[in-house]
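# Coordinate inspection notes
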Amino acid sequence: MTIRDWILRRAPEPPIELQQRVLAALGSDADADESRTATSCLAAAERSLKALIAEGRFARDSASDLLAIDALTTYAFEHASDPKSIDDLDALSAHATRQLGQLVTARD
């Protein structure tokens with residue numbers, strides 16, 4: 001199963017536009033093995049947030065991009081918290097806090 005397959009099996013199914021934005025943000029990582037879901041989703045969220053900040057896109061017209069970043073982050077933690085996942089939830093949490101926090105504070 002790929003990351004794409006894992007995302008497409010989420011229930012309830014998210015709006016199609018959000019699903020498409022999430023998969024677009026993942027890029028080729030969407031075709032990676034499902035075991036990489038947590039780290040790949042978090043990396044895509046980080047890249048997307050970094051791009052929004054760099055472009056100064058803080059207005060309402062970026063809301064759907066922010067929703068995709070939120071969904072990617074949620075998927076990362078959802079996957080990492082699954083007992084069958086090989087990802088370490090504590091390590092993912094520490095990494096997310098450090099990386100995403102640095103991006104937000106770098107903007108100030």
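The following paragraphs examine the structure supplied in this document. These figures come from a predicted structure and were not determined experimentally.

Now for the packing of helix H2 (residues 16-26) against helix H4 (residues 63-80). The geometry of H2 relative to H4 is characterised by a closest axis approach of 9 Å and an angle of 70 degrees between their N-to-C directions. The angle between H2 and H4 falls in the class roughly perpendicular. Facing H2, whose interface residues are Glu-17, Leu-18, Arg-21, Val-22, Ala-25 and Leu-26, H4 presents Ser-64, Asp-65, Leu-67, Ala-68, Ala-71, Leu-72 and Tyr-75.

Taken as a whole and judged by the stated rule, the model has 6 salt bridges. If you follow the salt bridges from partner to partner, you end up with Glu-17, Arg-21, Glu-55, Arg-57 and Asp-65 in one network.

Before going further, it helps to spend a moment on the nonpolar core. Counting 23 residues, the largest nonpolar core has Ile-7, Val-22, Leu-26, Cys-41, Leu-72 and Tyr-75 as its most contacted members. Among the elements of the structure, helix H1 (3-8), H2, helix H3 (37-54) and H4 are those that each provide at least two residues to this core. Here this core takes 7 residues from H3, the largest share from any one element. Contacts of Leu-26, omitting those with residues within four sequence positions, involve Ile-3, Ile-7, Ser-40, Cys-41, Ala-44, Arg-47 and Leu-72.

Okay, the environment of Lys-50 next. Position of Lys-50 relative to the elements: it lies in helix H3. Separated by 50 residues in the primary sequence, Lys-50 and Leu-100 place their C-alpha atoms 8.7 Å from one another.

Taken as a whole, this structure holds 1 aromatic pair when the rule is applied. Geometrically, the ring pair formed by Trp-6 and Tyr-75 is edge-to-face, given 5.8 Å between the ring centres and 85 degrees between the ring planes. Placement of the pair is Trp-6 in helix H1 and Tyr-75 in helix H4, with a sequence separation of 69 residues. With a relative accessible area of 9%, Tyr-75 lands in the buried category.

On to the side chain of Gln-19. With respect to the element layout, Gln-19 can be found in helix H2. What makes Gln-19 buried here is its relative accessible area of 7%. Once residues lying within four places of it in the same chain are set aside, the contact partners of Gln-19 are Ile-7, Leu-8, Glu-13 and Pro-14.

Between H3 and H4, the shortest axis-to-axis distance is 8 Å and the interhelical angle comes to 160 degrees. Between H3 and H4, the crossing angle belongs to the class labelled roughly antiparallel. Seen from above, H3 lies across H4 with left-handed handedness. The residues of H4 that touch H3, namely those facing Thr-37, Ala-38, Cys-41, Leu-42, Ala-44, Ala-45, Ser-48, Leu-49 and Leu-52, are Asp-65, Leu-66, Ile-69, Leu-72, Thr-73, Tyr-75, Ala-76, His-79 and Ala-80. By residue class, the composition of the contact of H3 with H4 is 13 nonpolar, 4 polar and 1 charged.

Calculation notes
- Residues numbered from 1 in each chain as written.
- Predicted model: local features only at pLDDT ≥ 70, side-chain atom pairs only at ≥ 80, totals over all residues.
- Heavy atoms only, no water.
- Axes fitted to C-alpha atoms, helices over the stretch in contact; angles between N-to-C directions.
- Helix = DSSP H or I, 4+ residues; strand = E, 2+ residues; numbered from the N terminus.
- Parallel < 35°, antiparallel > 145°, perpendicular 65-115°, else oblique.
- Contact = heavy atoms within 4.5 Å.
- Salt bridge = Lys/Arg side-chain N within 4 Å of Asp/Glu carboxyl O.
- Core = buried A, V, L, I, M, F, W, Y, C linked by side-chain atoms within 4.5 Å.
- Buried < 20%, exposed > 50% of the residue type's maximum accessible area, 1.4 Å probe, protein only.
- Phe/Tyr/Trp six-rings, centres within 6.5 Å; stacked < 30°, edge-to-face > 60°.
- Left-handed = near helix turned anticlockwise from the far one by under 90°.
- Nonpolar A, V, L, I, M, F, W, Y, C, P; charged D, E, K, R; others polar.

The analysis is restricted to geometry; functional conclusions fall outside its scope.
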